[in-house]
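The chain contents come next:
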Amino acid sequence: QNADNAVVIVGGGYDTVHDTTGHPVVPDAVGAGIHVLDLASGAELWRAGPDAGADLTLAGMTRAFPNQIRVIDLTGNGMADRMYASDLGGQVWRFDVFSGNDPSTLVTGGVIAQLGAEGTGDTSLAATRRFYNAPDVSVFTDKHQQRRFIAINIGSGYRAHPFDLSATDRFYSLRDPYVFTKLTQNDYDNYPVILDGNLVEVSGQSGVVITQNDRGWKFTVPGNQKILADSITFDDQVFFVAFSPDSVAGATCSAGKGTNYLYR
């Protein structure tokens, strides 16, 4: 609505229910949504959420989005084409933007991966992975398959309690084969969601080949490490930092020591 067609796209925020260990048994009261705001006026132009009042109603959007929404211009025309997001339930979301449409048809989207407890039925502490980090997105060509993918890289870690050792945290690299193809809402509603078991384990191995039937890879970080910050992809390499606590501080908020690791 402003002369520059400039907007701000933000996640709904953080729900303090995640300060308590374990997977929440009820939907988050706050933070479960994505908002598009006019940069000049702050007016809300579009919203996704679980309620019927949202422009894009997604019943499965029940966990908070406390991080950056990754917005991409795939065509180079200066307008948003694609968005990727992650939530505190361990889910990864994808959205397609149809610029110029009314709010009701502006965006299609849905969950493309469930890598934590949300939606999987496994609510054990080991599987309660949370994404406080934003997806790190890049385009690459798989030389074995001779085709192009979008890589969605992200690591899990309990940022509210970095000394908690209950979860089996991992770094993930998902493959989105629909690089330039926009999906309809029906496509998203029937999307074959990526699960942890669909990904190839690469930790402690070398020369692993990702086949055309694989949905990507996962790296289980050793020694109770967790990933508490965004990764960076550059020149076909992914860089991320992991943190390992030196001692168990439990669910307290007291200070403690730990060791950082840089992975490439």
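Along each chain, residues carry numbers from 1 onward, in the same order as the chain's sequence is written. Only residues with pLDDT of at least 70 are given local features in this predicted model, and only at 80 or more are side-chain atom pairs given and counted; all residues enter the totals for whole chains, interfaces and linings. Side-chain descriptors were evaluated using all non-hydrogen atoms of the structure, hydrogens and water having been removed beforehand.

**Things to note about empty space enclosed by the protein**
In step 1: Only protein atoms enter the 1 Å grid used here, on which a cavity is any set of points holding a 1.4 Å probe that cannot leave and a pocket is any open set flanked by protein within 12 Å on both sides along at least five of seven lines; residues with an atom within 4 Å of a point are listed as lining. Grid points are joined across faces, edges and corners, and a volume is the space filled by probe spheres set on the points. Taken as a whole and judged by the stated rule, the model has one cavity of 30 Å³ or more.
In step 2: By volume, the largest cavity amounts to about 40 Å³.
In step 3: G22, L125, T128, R130, Y158, D164, S166 and A167 are the residues that line the largest cavity.
In step 4: For this scheme, ten residues count as nonpolar: Ala, Val, Leu, Ile, Met, Phe, Trp, Tyr, Cys and Pro. Four count as charged, namely Asp, Glu, Lys and Arg, and the remainder, Gly too, count as polar. Of the residues that constitute the lining of the largest cavity, the class distribution is three nonpolar, three polar and two charged.

**Structural notes on the nonpolar core**
Buried together is how nonpolar side chains tend to be arranged in soluble globular proteins.
In step 1: Throughout this description, the term nonpolar core refers to a set of buried Ala, Val, Leu, Ile, Met, Phe, Trp, Tyr and Cys residues connected via side-chain atoms within 4.5 Å. Think of it in three bands: with a 1.4 Å probe and only protein chains considered, a residue is buried below 20% of the maximum accessible area for its type, exposed above 50%, and partly exposed in between. V92, L115, I152, Y172 and L174 are the most contacted members of the largest nonpolar core, which has 19 residues in total.
In step 2: Numbered from the N terminus, helices here are DSSP runs of H or I no shorter than four residues, and strands are runs of E no shorter than two. Contributions of two or more residues to this core are made by β8 (107–114), β10 (147–155) and β11 (170–176).
In step 3: For this core, the element with the highest residue contribution is β10, accounting for three residues.
In step 4: Excluding its chain neighbours within four sequence positions, the residues that come into contact with Y172 are L115, R129, F131, I152, N153, I154, D196, L199, W217 and K218. Residue contacts are counted whenever heavy atoms from the two residues lie within 4.5 Å of one another.

**Focus on the pairing of strand β17 (residues 237–245)**
In step 1: With two bridges connecting them, strand β15 (residues 226–227) and β17 associate as antiparallel partners. Its bridge partner being in β17, K226 is matched across the sheet by F243.
In step 2: Inspection of the sheet shows strand β16 (residues 232–234) paired to β17 by three bridges, in the antiparallel sense. Counted as the bridge partner of F234 is Q237 from β17.
In step 3: A pair of strands is labelled paired if DSSP reports no fewer than 2 bridges between them. What sits between the antiparallel neighbours β16 and β17 is a turn of two residues, in which D235 has the positive phi angle 55 degrees.
In step 4: Bridge analysis of β17 against strand β18 (residues 258–263) gives six bridges, and the strand direction is antiparallel. Following the sheet pairing, V241 is matched in β18 by L262.

**Brief notes about the packing of aromatic side chains**
In step 1: The pairing test for Phe, Tyr and Trp rings, Trp by its six-membered ring, is centres within 6.5 Å, and the orientation test on the planes gives stacked under 30 degrees, edge-to-face over 60, and tilted for anything in between. Enumeration according to the criterion identifies 12 aromatic pairs in this entry.
In step 2: Ring centres of W93 and F95 lie 6.2 Å apart, and the angle between their planes is 5 degrees; on these two criteria the pair is classed as stacked.
In step 3: With 6.4 Å between their ring centres and 70 degrees between their planes, F219 and F240 make a pair best called edge-to-face. Linking F219 in strand β14 (residues 216–220) with F240 in strand β17, this pair joins segments that are 21 residues apart in sequence.
In step 4: Taking the relative accessible area as the measure of exposure, F219 reaches 16% and is therefore buried.
In step 5: The class of F240 is buried, set by a relative accessible area of 6%.

**Let's talk about the sheet that holds β11**
In step 1: Taken in spatial order, the five strands of this open sheet run β9-β10-β11-β14-β13, and their pairing is mixed. Every other strand in the sheet has two partners, leaving β9 (136–142) and β13 (200–201) as the edge strands with one partner each.
In step 2: When β13 meets β14, the two strands line up parallel, connected through two bridges. Across the sheet, the residue bridging to V200 is W217, located in β14.

**As for the sheet that holds strand β6 (residues 82–86)**
In step 1: Across the sheet, which stays open at both edges, the five strands sit in the order β5-β6-β7-β8-β12 with mixed pairing between neighbours. Two strands close off the open sheet at either side, each with one partner strand: β5 (70–72) and β12 (194–195).
In step 2: Here strand β7 (residues 91–97) pairs with β8 via seven bridges, running antiparallel. If you follow V97 over to β8, its bridge partner there is V107.

**Quick look at the pattern of salt bridges**
Opposite charge on two side chains makes pairing possible when the charged atoms of those side chains draw close.
In step 1: Each salt bridge in this description consists of a side-chain nitrogen of Lys or Arg and a carboxyl oxygen of Asp or Glu lying within 4 Å of one another. Taken as a whole and judged by the stated rule, the model has 12 salt bridges.
In step 2: The shortest N-O distance in the salt bridge between R82 and D96 comes to 2.6 Å. Note that R82 is positioned in strand β6 and D96 in strand β7, a separation of 14 residues in sequence.

**Thoughts on unusual backbone geometry**
In step 1: Non-glycine residue N224 carries a positive phi angle of around 60 degrees.
In step 2: Structurally, the position occupied by N224 is in the loop between β14 and β15.
In step 3: For N224, a relative accessible area of 41% puts it in the partly exposed group.
In step 4: At D235, a residue that is not glycine, the phi angle is positive and equals roughly 55 degrees.
In step 5: Residue position: D235 is located in the loop between β16 and β17.
In step 6: Taking the relative accessible area as the measure of exposure, D235 reaches 57% and is therefore exposed.

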